[in-house]
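# Examining the three-dimensional arrangement
Here is how the chains run, residue by residue.
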Protein chains: 4
Amino acid sequence: MGMVGGGSDAFIGAVHRLAAFMDNQCELVCGCFSVDPDISLSSGKSYFLPDDRVYKTYQEMFEKEAKLPADVRMDFVSIVTPNHVHFGPAMMALEGGFHVVIDKPMTFSLEEAKLLKAKVEETGLVLALTHTYSGYPAVKDAKARLARGDFGKIRKVYVEYPQGWLSKRIELEGGNNAGWRTDPKRSGKAGAMGDIGTHAWHLAEYITGLKVTELCAELKAFVPGRPIDDDGAALLRYENGATGILIASQVAAGETNSLKIRVYGENGGLEWRQTDPNILWLKWSDRPVEIIDVGANAKMTEGALYNTRTPQGHPEGYLEAFANIYRNFANTVQAKLAGEQPDPKWLDFPNVNDGVRGMQFIETVVTAGYDDSQKWVKWIE
Amino acid sequence: MGMVGGGSDAFIGAVHRLAAFMDNQCELVCGCFSVDPDISLSSGKSYFLPDDRVYKTYQEMFEKEAKLPADVRMDFVSIVTPNHVHFGPAMMALEGGFHVVIDKPMTFSLEEAKLLKAKVEETGLVLALTHTYSGYPAVKDAKARLARGDFGKIRKVYVEYPQGWLSKRIELEGGNNAGWRTDPKRSGKAGAMGDIGTHAWHLAEYITGLKVTELCAELKAFVPGRPIDDDGAALLRYENGATGILIASQVAAGETNSLKIRVYGENGGLEWRQTDPNILWLKWSDRPVEIIDVGANAKMTEGALYNTRTPQGHPEGYLEAFANIYRNFANTVQAKLAGEQPDPKWLDFPNVNDGVRGMQFIETVVTAGYDDSQKWVKWIE
Amino acid sequence: MGMVGGGSDAFIGAVHRLAAFMDNQCELVCGCFSVDPDISLSSGKSYFLPDDRVYKTYQEMFEKEAKLPADVRMDFVSIVTPNHVHFGPAMMALEGGFHVVIDKPMTFSLEEAKLLKAKVEETGLVLALTHTYSGYPAVKDAKARLARGDFGKIRKVYVEYPQGWLSKRIELEGGNNAGWRTDPKRSGKAGAMGDIGTHAWHLAEYITGLKVTELCAELKAFVPGRPIDDDGAALLRYENGATGILIASQVAAGETNSLKIRVYGENGGLEWRQTDPNILWLKWSDRPVEIIDVGANAKMTEGALYNTRTPQGHPEGYLEAFANIYRNFANTVQAKLAGEQPDPKWLDFPNVNDGVRGMQFIETVVTAGYDDSQKWVKWIE
Amino acid sequence: MGMVGGGSDAFIGAVHRLAAFMDNQCELVCGCFSVDPDISLSSGKSYFLPDDRVYKTYQEMFEKEAKLPADVRMDFVSIVTPNHVHFGPAMMALEGGFHVVIDKPMTFSLEEAKLLKAKVEETGLVLALTHTYSGYPAVKDAKARLARGDFGKIRKVYVEYPQGWLSKRIELEGGNNAGWRTDPKRSGKAGAMGDIGTHAWHLAEYITGLKVTELCAELKAFVPGRPIDDDGAALLRYENGATGILIASQVAAGETNSLKIRVYGENGGLEWRQTDPNILWLKWSDRPVEIIDVGANAKMTEGALYNTRTPQGHPEGYLEAFANIYRNFANTVQAKLAGEQPDPKWLDFPNVNDGVRGMQFIETVVTAGYDDSQKWVKWIE
C-alpha cells in the first residue's frame, strides 16, 4: 500500500491508515504525503518508512514503484488528497497497474469520473471509493432487510447530514480542513453538497437499492463571502415512485456529524444514526419497535455479521466502518493478484460506478439548487 | 363550557375535556355531542350533565343557552367536530356572545377563516385554536431562548411530523378517525398537510417568531385510491432569509406521532421532540450540548415555568400541554367577563390570527404541492 | 372530596387536585388546607370553595361534614399533610364514615399503620395510598407481562431512585419541602428511605408480585448535621429466591427524580424509567430488544390500556399516573356508594395493605441500615 | 510482539491483535496460539507468520525468541489465555526479558499476582493489564474532571455490569467462551465477579481515584449446577467516606455488555455507559445537564483528547479503547528500549499494581459474598 496525501498534518489520511492497518492486511510501503517534500519526508519517517520509499511527487512514486519487484512494490495506492488532486494520481496509478483506493467525491468533475471509469474497465483493476458510512454493519443490515422486503415496497426516504463546523468563516483562519473545501478551485462545483451531501445521497441509494431519477433543490451559502454552498436540501424522486428528502448542511451550528437515515415501506420502516452507529431501529405498523444491536449472531443478517469484529455490546465505530471498506477491497485485490475469483461478499464496497454516480449527483443538485425557474431536474447522466 | 362534537365515540373531544377540567377552571355545563341525538344524550349522561342541557343541534344549543341567566349559561363553547363543521357553530357562537375554543385547522376554507376573524374582531370575543404543541413548556422555553437571541440570527428550521397510521386504506374499515380526514368533503383541501402539516408549520412559526414567505412543495397520496394527500414535504423560505424544511407524512409506517423541530442560528441550535416532550436540547458551537429538563426553576425561562405544573423529574405530557391552552384561554375569558385586562402571559395561546394563517398555509402548500410548473409559490394571503 | 393539607403553598396537594379533577369524577367540596386558618381560608377561596366549607381544623371538618346531607357532604377525604399528621385525620375520617386517599408513607409509625388497617377492615371503607408510580400504564404493562410469565421465573430486581435535591442542607433555608422530610419528629424513622425508598420498594413488589423476605442495608446521612438518612441502599432477597438491589438517595447531586426499575427472568428482562415513562423496554435472550410505547392498542396489555387516556405518541405523564389512582379509587367508591361490586380492574390501586407493608419496609431497612453486626435482617412484620 | 493463546477459534486474542495493529506500532512476529499445535500453526499462517516463528509451547517460544537478534525477536508478549495459564507464561516472559501485556484478571490467584509484581519490580520490565474500559476517552475525561474537583468531594459511586449470556447453562454446549469461565479450575475463585466484576471495580477506582476499603456482598449461582457465581452485588465503602454499589451479573437475561458508572459529588455527578461510549453526561445541581461528546477539542480534557483518534461525531468504540492501552504501552516500551523516560501520559494504562489489586478484589468479594455471618469484610491485602 502506498499513499498520496495524508501527511502528518492531515485528517482523512490518518483515518485511511488506521482503517487499513487494523486487520493486518495492508502494510504501508511507500508514499508521497505532501506537496511539501519536507513534510512528506518527515511524515514518512513517522510512519516507519525508509527514506527511499518516500517520494517528492506522486508521478515519481508511480514510476519508481512500478520498477520494483512485484513482492516489494506497493499493490495499491490510497489517494487522500483534496478533490482537485484525485484524478491525476488515480489515472496514473491505473495506468501503472496499481489498484486504487480514493476518497470521495471521486473526482473534481463528472468528466474526470467518466474517464476514470473507462480506465478501470479497460485495465480490470479495482477501485474502491471510501463512502465510509456504507461500511457500518448496521447499514449493511438495513440494506439486507430492505432488500428482502421486510417492510414492503419502499415509499419514503429521509436522509440528513447536518454539521455545524462551517457556521463561521473559519476558512480564513487557516489550520483546518475548511480551506480547500470552501474553495471551488479545489473542491469542485459543490461545497456542503460535495463533501457530505454525496455521503447522504450514497447512503440512501446503498441502503434502498433505489436510484434517484429527479430532484428539486435549493443550495445556499449562509456565511457571507463564502463562494460555495454551505447548506442545501433536495426533494428526491426515486425510480420506483418513492420520494425522499436529502439535507446537507455545514451551518447547523452545534451539530457535529449527525448523519441519519430513515426509510419507510408499506409495513414499517427503519432508522440509523451515525452517532449511535451500532443500533438499527426497526419500526412496525403492527408490533413493537425493535432494536438491532450490532454484533448479535442470531439477530443480524449474514452480510452485516461478516462486517462485524466484536460481539454484541462491544461498540464498533467509524474506524471499523472504514476498515470494512479496506478489508473487502484488500480481499478482492488479493484474489485478483492470486488470479482467483473474489468472494461476492468481498465486493461489498463502493466502486468506480458509485464514483461516477456521485459526480452526477453533484452535477444534478448544483444545477437544481440555484435555478428557481424549474422545479424538477432530471438526473444528469 | 359547552361542547359541539366530542361524543363518547370521538377522540379529540375527550382530550379537550381532560385538558379543560384538569385545572379546575372549566366546568362542562351543556353540549351537543353528536349529530345522532341518542349518542349526544347518552354522552351527556356519561359526562354528568342533566338531560335538558344536552341539545339535538348546535343551533338549538346556542339559542337556548343564550336565554339562560348569565351565571347558568355556558361562557364558552369548545368545537371539536370535523373540519367542515367548524365554521357554522363558531360563527353562531360568536354571534351569540360566546367565546370559542376550536380545534385545528380552524375552518374548512380560507374564506371561512377570514369571516371568522372579522367576527372575532367585531365582537371582541376570545377565540382559542388548539395547536396543542405550542402548549408544551419546553416549546415555550425554546421560543423564549430564540427570541432573546441566545443562538444569534436564525438560519435553519427543520420541522417534521411523521405518522404511519394511514399507511393502509383504513378509512374503508370504519370505526376510526380516518374517514373524515381522508375525505376532501369533510377535511378540506388538504389531508396530511391539513391535519398535521398545519401543526408542524405552526410550531415552527411559534418557536421562531418568523413567518414563511414562500415555499416549494410536493404532496402525494401514496395509498392507492385515496383522494387526498397522505404525505408531503416543503422547502421553506422565511422572512429573515432563513430556510427550512417541513415534513408531514401519514404513511411513515411504524411512526406514531413523531413531531420534532430543530432550529439553528449562528452560534448553536435547539431541538425538541414531542415524544420526549420534557427535554429541550441546546447545542452550541463552542461548548457542550445542554439538556433543559422541564420543571427546574433555575434552568427554565419564566414563561415556560408558568406553564409547568410539577417539579423537574415529574414528566408532563400531551394533556398538560393541551391544558395550558385551556388555562390561558380561561384566564383571559375570566378577565374579560370581569371587565379586566388579561395578564399578558395568559394571552400565550393560538388565536384567530393563527387560524387564518393556518388556512393560508394550506392554500399555499396545496397550490405548490401539485404544480410542477413553478418551483416557489408565494404565501397566499 | 375534601382535603386535609394542600394549601396554596404546598406541592403534593396541588398534584392531588390536578389528578382528582382531570377525569371529571371528583369535585372538591371542602377542606382544611393548613394549620394556619388564614392560609386555609385563602386557599379555599382560590379553589372556588365557599367559606363555610373551609375549616379551621380537620376535626371540625369531619364533624361538620358528617352532619351534612349525603348529597352535599364530601364522600372521601384526601390527606396530603406531612407524615406525622396522617394517622389522626385518617382514623377520624374512617370513624366518620368517609373513604380516604392518603399520601405515602401511610403513617408515622408501623403501629399506626396497623391500627388504620384494622379500622379499614372494620368499616369496609376504601383507603387509597398514592404510590404514584404504580399508576403509570407502562408499569401496569410490565406487571402484566411478568405475571403471565413472558420472561420465565424472576431472578433479579434492580430498583433505584436517585435524587439530588438534598445534596446541601437546604432544610435550614426554609421555603421548601425539605424541612419536615429531614425532621424525624415529622417524617418518622426514615428520611430518604421513607420518602422515596418506599416508592422504590413498592414499585418493585407491585411489578414483580414478589415479596421481600430479608434485606441487608446501609443508610447514611451524607450532609453534615442532618439527623436522618439522606442516602441508602439495600440488597434484597425475595420469596421466590430472586435477589435484588434497592437504591434511594437524595444526595445524588444533579439527579432529579430518576426512578428506574429493571427485572430479569430466565429468558429476558424489562426496564422502565420514570423520566421516560411511556416507554417499556423488553429485552430478550434470543431476539431483538422491543420497545413498548404506551397507547398502542395492539401492543399493550389490557389492564395497562385501561389506564391510558390518549393514543400512542401522545405522551402521558406523572399527573395521569396519579389520576389513575384517583380514577380507580373513585370508581370503587362510587360502586360502594351504589351498593355494587366494583369492577376488578378498578381495584388496581395501592391500598391499606400496601400502607402497612410500606411501614414494615421502613422498620426493616432502618434496622438493617445502621446495624453493622448483622448482615441480613428478616422482614419485620 | 508475540502472542500466547489467541488461536483463530478464540475471541479476546483477535481483539488484542486488532488493537495492537491499528496504530501501526506493533507487528506480530511470533506466537504460540493454542495448546493444539495444529491450531497454533494454522492460526499463525492466517496471521501471515512464517512457520518457524509459530511455536508448539510457550516455553519453547520464550527460549527460542530470546536467542534471536534484538531487531528480530519479539519485544513483548501478549498473553490471552484462560486465567489459569496467565502466570506461567507471564513469569517466564519477564524472566526472559520480555515486556508483557496480559488479559484480566491478571492471574489465577492472589499469590501468583504478588509474585508477578515482585518480578516486574525486580526486572524493571513493563506489564500492561487490559482493563479495556479504562481506555475509553470519555472515561479518561471523567477521571480528569473528578480529579480536578469539578463535582466537589465524591460521595456516591454506582457501577454496574449486567450481562445475560450465561442465563442458561451454555457451558455444557461447548463452542463458546463459557466453558473455562464457569470452571473454577480454570477461572479461579470467582466467575462473574472475576470476569466482569473486576472490570467494574477497576473502572470505579480508575475514574474516582479512590480505593475500596471494605465491602458487603452477596454472590450466587442462579443457573442450577453451575459451580461458580454467575451473579453478585456489593455495597462498597471507599477510603474518603464515599459509599457505592457494584453489580456484576451474567444472568441479566437480555443484557449484552451494559457496563455503566455513575459518580456523584457534592455539586453534581457524571455518568458513562459503555454501550454509548462516546458520551459523557455531566449533571449539575444548579445548571442544565451537559453532554460531552468525545472528540471535540474545546470540550474535552487534555488527557482524554490524547487518547482520541477522530474528530467529534466520528464514534470510536471498544477496539479504539483497547488500542489506547496498546499504544500507551507500546510508547512506554519503545522509550524503555531507547533508554528514555516515557512521557507521563503514556503511562496511563493498567499495570501490575492494578493486577494485584484486582486479585485482592476477587479475594475480598468472594469472602464476603458467601458469608452471611459478617456484614462488612475489610479489603484483603
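Residues numbered from 1 in each chain as written. Chains lettered and ligands numbered in written order. Predicted model: local features only at pLDDT ≥ 70, side-chain atom pairs only at ≥ 80, totals over all residues. Heavy atoms only, no water.

### Quick look at the confidence of the model for chain A
Detailed reading of the predicted coordinates is not advisable wherever pLDDT falls low. Cut-off, in case you're wondering: Confidence scores labelled pLDDT are given residue by residue by the predictor and lie between 0 and 100.
In the predicted model, chain A carries a mean pLDDT of 96, and 99% of its residues have values of at least 70. Scored by ipTM, the complex comes to 0.96, with pTM at 0.97.

### Observations regarding the sheet that holds strand β4 (residues 99-102) of chain B
All names here are of chain B. Just so we agree on the cut-off: In this scheme, strands are said to pair when DSSP sees at least two bridges between them. Only DSSP runs of H or I reaching four residues or more are called helices, and only runs of E reaching two or more are called strands; each is numbered from the N terminus. Lines fitted to C-alpha atoms define the axes, with helix axes restricted to the stretch in contact, and inter-axis angles between N-to-C directions lie between 0 and 180 degrees. Contacts are assigned to residue pairs that have any heavy atoms within 4.5 Å of one another.
Within the open sheet, the five strands sit side by side as β2-β1-β3-β4-β5. Their pairing is parallel. Edge positions in the sheet fall to β2 (30-32) and β5 (127-129), since each of these pairs with one other strand and no more. Recorded for the sheet is a direction-independent mean angle of 15° between the axes of neighbouring strands. Of the pairings in the sheet, the one linking strand β1 (residues 2-4) to strand β3 (residues 76-79) comprises three bridges and is parallel in character. Each residue of the ladder has a partner; that of valine 4, found in β3, is isoleucine 79. Packing against the sheet, helix α3 (residues 58-66) makes contact with β1, β2 and β3, and its axis sits at approximately 155° to β2.

### Focus: the interface of chain A and chain B
For clarity, the cut-off: Two parts placed together each lose some accessible area under a 1.4 Å probe, and the buried area is that loss summed for both. Here, a salt bridge means any Lys or Arg side-chain nitrogen found within 4 Å of an Asp or Glu carboxyl oxygen. Pairing of N or O atoms within 3.5 Å defines a polar contact, subject to two protein rules: one partner must be a possible hydrogen donor and the other a possible acceptor, and residues neighboring in sequence count only if both atoms are side-chain atoms. Under this grouping Gly is polar, as are all residues other than the nonpolar Ala, Val, Leu, Ile, Met, Phe, Trp, Tyr, Cys and Pro and the charged Asp, Glu, Lys and Arg.
Opposite the 46 residues of chain A that make contact, chain B presents 46 residues. Taken over both partners, the interface formed by chain A and chain B buries close to 3,600 Å², and the fraction arising from carbon and sulfur atoms is 48%. Per-residue buried area on chain A facing chain B is highest for A:Arg155, A:Glu218 and A:Lys375; these three make up 18% of the total on that side. The interface formed by chain A and chain B includes 12 salt bridges. Linking chain A with chain B are 28 residue pairs in polar contact (both at pLDDT 80 or more). Mapped onto the side of chain A that touches chain B, the elements with two or more residues apiece are β6 (154-162), β7 (212-220), β8 (231-238), β9 (243-249), β10 (260-265), β11 (268-273) and β12 (279-284) of chain A. It is β6(A) that provides the largest number of residues to the side of chain A that touches chain B, a total of five residues. Residue classes in the side of chain A that touches chain B are distributed as 18 nonpolar, 11 polar and 17 charged.

### Some thoughts on the sheet that holds strand β4 (residues 99-102) of chain D
Residues and elements named next belong to chain D. Judged by pairing direction, the sheet is parallel, and its five strands sit side by side in the order β2-β1-β3-β4-β5 without closing on themselves. Edge positions in the sheet fall to β2 (30-32) and β5 (127-129), since each of these pairs with one other strand and no more. Neighbour-to-neighbour, the strand axes of the sheet open up by a mean angle of 15°, direction not taken into account.

### Some remarks on the pattern of salt bridges
Scanning the entire structure with this criterion turns up 132 salt bridges over all chains. Note that C:Arg226 and C:Asp230 form a salt bridge whose closest N and O atoms lie 3.0 Å from each other. A salt bridge links D:Glu171 to D:Arg226; the nearest nitrogen and oxygen atoms lie 2.8 Å apart. Separated by 55 residues along the polypeptide, D:Glu171 in the loop between β6 (154-162) and α7 (178-181) and D:Arg226 in the loop between β7 (212-220) and β8 (231-238) bring together distant segments of the chain.

### Looking at the interface of chain D and chain C
The interface of chain D with chain C comprises 46 residues on the first partner and 46 residues on the second. In terms of surface lost to chain C, no three residues of chain D exceed D:Arg155, D:Glu218 and D:Lys375, which account for 18% of the buried area on that side. Where chain D meets chain C, there are 12 salt bridges. Where the side of chain D that touches chain C is concerned, the elements lending two or more residues are β6, β7, β8, β9 (243-249), β10 (260-265), β11 (268-273) and β12 (279-284) of chain D. Looking at the side of chain D that touches chain C, the element that brings in the most residues is β6(D), giving five residues. Looking at the side of chain D that touches chain C residue by residue, the classes come out as 18 nonpolar, 11 polar and 17 charged.

### Side note on helix α4 (residues 87-95) of chain B
What sets the pattern is the α-helix's 3.6 residues per turn: residues three or four places apart point alike. All names here are of chain B. Where we set the bar: In this scheme, a residue with accessible area under 20% of its type's maximum is buried, one over 50% is exposed, and one in between is partly exposed, where area comes from a 1.4 Å probe on protein chains only.
Of all the residues in α4, the buried ones are Phe87, Pro89, Ala90, Met91, Ala93 and Leu94. On its buried face, α4 is in contact with β1, α3, β3, β4 and α5 (110-123). A positive phi of about 90° marks glycine 97, the residue just after α4.

### A word on the relation of the copies chain A and chain B
The criterion, for reference: To superpose the copies, least squares is applied to the C-alpha atoms of every residue with a pLDDT of at least 70 in both.
Superposing chain A onto chain B takes a rotation of 180° plus a shift of 0.0 Å along the axis, which leaves an RMSD of 0.0 Å. Considering both components of the superposition, the chain copies are consistent with a two-fold axis. The position closest to the rotation axis in chain A is occupied by the C-alpha of A:Lys375, lying 2.2 Å away. The fraction of interface residues of chain A whose copies in chain B are also interface residues reaches 100%, indicating that both copies meet through the same surface.

### Looking at the environment of C:Gly175
Residues and elements named next belong to chain C. Positionally, glycine 175 belongs in the loop between β6 (154-162) and α7 (178-181). On the basis of relative accessible area, glycine 175 is assigned to the exposed category, the value being 91%. For the pair glycine 175 and serine 40, spaced 135 residues apart in the sequence, the C-alpha separation amounts to 17 Å.

### Examining the side chain of B:Glu205
Residues and elements named next belong to chain B. Locating glutamate 205 in the fold gives a position in helix α9 (residues 192-208). Glutamate 205 gets classed as buried once you look at its relative accessible area, which sits at 11%. Residues in contact with glutamate 205, not counting those within four places in the same chain, are Leu210, Lys211, Val212 and Arg357.

### Here's the deal with the relation of the copies chain D and chain C
Once chain D has been moved 0.0 Å along the axis and rotated by 180°, it coincides with chain C to within an RMSD of 0.0 Å. Interface residue correspondence from chain D to chain C reaches 100%, placing this contact among same-surface, isologous pairings.

### A word on the pairing of β6(D)
Residue and element names in this part refer to chain D. Of all nine residues in β6, nine are buried; the element is thus mostly enclosed. Bridge analysis of β6 against β10 gives six bridges, and the strand direction is antiparallel. Directly across from valine 159, in β10, lies its bridge partner isoleucine 261. In this structure, β6 lies alongside β9, joined through seven bridges in parallel fashion. What sits directly across from tyrosine 158, in β9, is isoleucine 245.

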